Amino acid sequence: VQLQASGGGLVQAGGSLRLSCAASGLTFSMHGMGWFRQAPGKEREFVAAISWSGAATFYGDSVKGRFTIFRDNAKNTVYLQTNSLKPEDTAVYYCAAGSKAGTLYFEYEYWGQGTQVTVSS
């Protein structure tokens, strides 16, 4: 199983980025997908999750109203649209696949390598 995250970069506060996570080696449409992030010296934080069908989505409190998770099962890809970015959003963002759209890191079986998002003030 491979989860390849991309789309990170350096952006000014208030800007936007779209993160992508391309999956292979698993039946993508049968897995819940999640995004987590980890800043230096901090614990891994839940960002967003989406059910296998896309019908259900969940967000961490710190990103509600600013980030949107969605998926394209035909492309085996999950996305995270990040808007109104803040310096405190700076972190490595990881995508993960699991049997359901959980909000806890241990609910996920497979993890990508992460993509760095840096938001300057």
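Residues numbered from 1 in each chain as written. Predicted model: local features only at pLDDT ≥ 70, side-chain atom pairs only at ≥ 80, totals over all residues. Heavy atoms only, no water.

Focus on the overall build of the protein
The cut-off we apply is this: A run of DSSP states H or I qualifies as a helix once it reaches four residues; a run of E qualifies as a strand once it reaches two. Both are numbered from the N-terminal end. Think of it in three bands: residues with accessible area under 20% of the maximum for their type are buried, residues over 50% are exposed, and the middle band is partly exposed, with areas taken using a 1.4 Å probe on protein chains only. The contact rule is simple, with two residues in contact once any of their heavy atoms fall within 4.5 Å. For accessible areas, the Shrake-Rupley method is used with a probe of radius 1.4 Å. Any residue's cover is judged against the shown protein chains and nothing else. The charged-residue count follows a simple rule in which Lys and Arg add positive charge and Asp and Glu add negative charge, with His and chain termini not counted at all. We put the charge of a Lys on NZ, of an Arg on CZ, of an Asp on CG and of a Glu on CD.
The helix and strand tally for the protein stands at zero helices and 11 strands. When the elements of the protein are put in sequence order from the N terminus, they spell out β-β-β-β-β-β-β-β-β-β-β. Projecting the C-alpha coordinates of the protein onto the three principal axes gives extents of approximately 40 × 25 × 25 Å. Counting all 121 residues of the protein, 45% fall into the buried class. Intrachain contacts of the protein at a sequence separation of at least 6 include 56% that bridge at least 24 residues. Summed over all atoms, the accessible surface of the protein reaches about 6100 Å², with 50% contributed by carbon and sulfur. Treating the 10 positive side-chain charges of the protein as one cloud and the 8 negative ones as another, the clouds have centres 5 Å apart.

A closer look at the packing of aromatic side chains
Rules: To pair, rings of Phe, Tyr and Trp, with the six-membered ring standing in for Trp, must have centres within 6.5 Å; the planes then decide the type, stacked if under 30 degrees apart, edge-to-face if over 60, and tilted in the middle. For a lysine, the NZ atom is tested; for an arginine, the CZ atom; a charge sits over a ring if that atom is within 6 Å of the ring centre and within 35 degrees of the ring normal.
This structure, assessed with the given rule, holds six aromatic pairs. Between the aromatic rings of F70 and Y79, the centroid separation amounts to 4.9 Å while the plane-to-plane angle is 20°, which identifies the pairing as stacked. In this structure Y79 comes out as buried when scored by relative accessible area, which is 15%. Feature note: the residues F36, F46, Y108 and W111 constitute an aromatic cluster, connected by ring pairs. A cation sits over an aromatic face here: R71 above F28, 4.3 Å from the ring centre.

Points about the sheet that holds strand 8 (residues 77–82)
What counts here: Pairs of strands are assigned from DSSP output, requiring at least two bridges between the strands. Note on geometry: axes are C-alpha line fits, over the in-contact stretch for helices, and angles between N-to-C directions span 0 to 180 degrees.
Spatial strand order, 1-3-8-7: four strands in an open sheet with antiparallel pairing. Of all the strands in the sheet, the pair left with one neighbour each is strand 1 (2–6) and strand 7 (67–72). Here the strands of the sheet are splayed against their neighbours by 15° on average, with no regard to which way each runs. In this sheet, strand 3 (residues 17–24) lies alongside strand 1 in antiparallel orientation, the contact comprising five bridges. When the sheet's bridge partners are listed, S6 is paired in strand 3 with S20.

A look at the environment of A13
Its location among the elements puts A13 in the loop between strand 2 (9–12) and strand 3. On the basis of relative accessible area, A13 is assigned to the partly exposed category, the value being 42%. For the pair A13 and D89, spaced 76 residues apart in sequence, the C-alpha to C-alpha distance is 9.4 Å. Other than its neighbours up to four places away in sequence, A13 contacts L85, P87, V119, S120 and S121.

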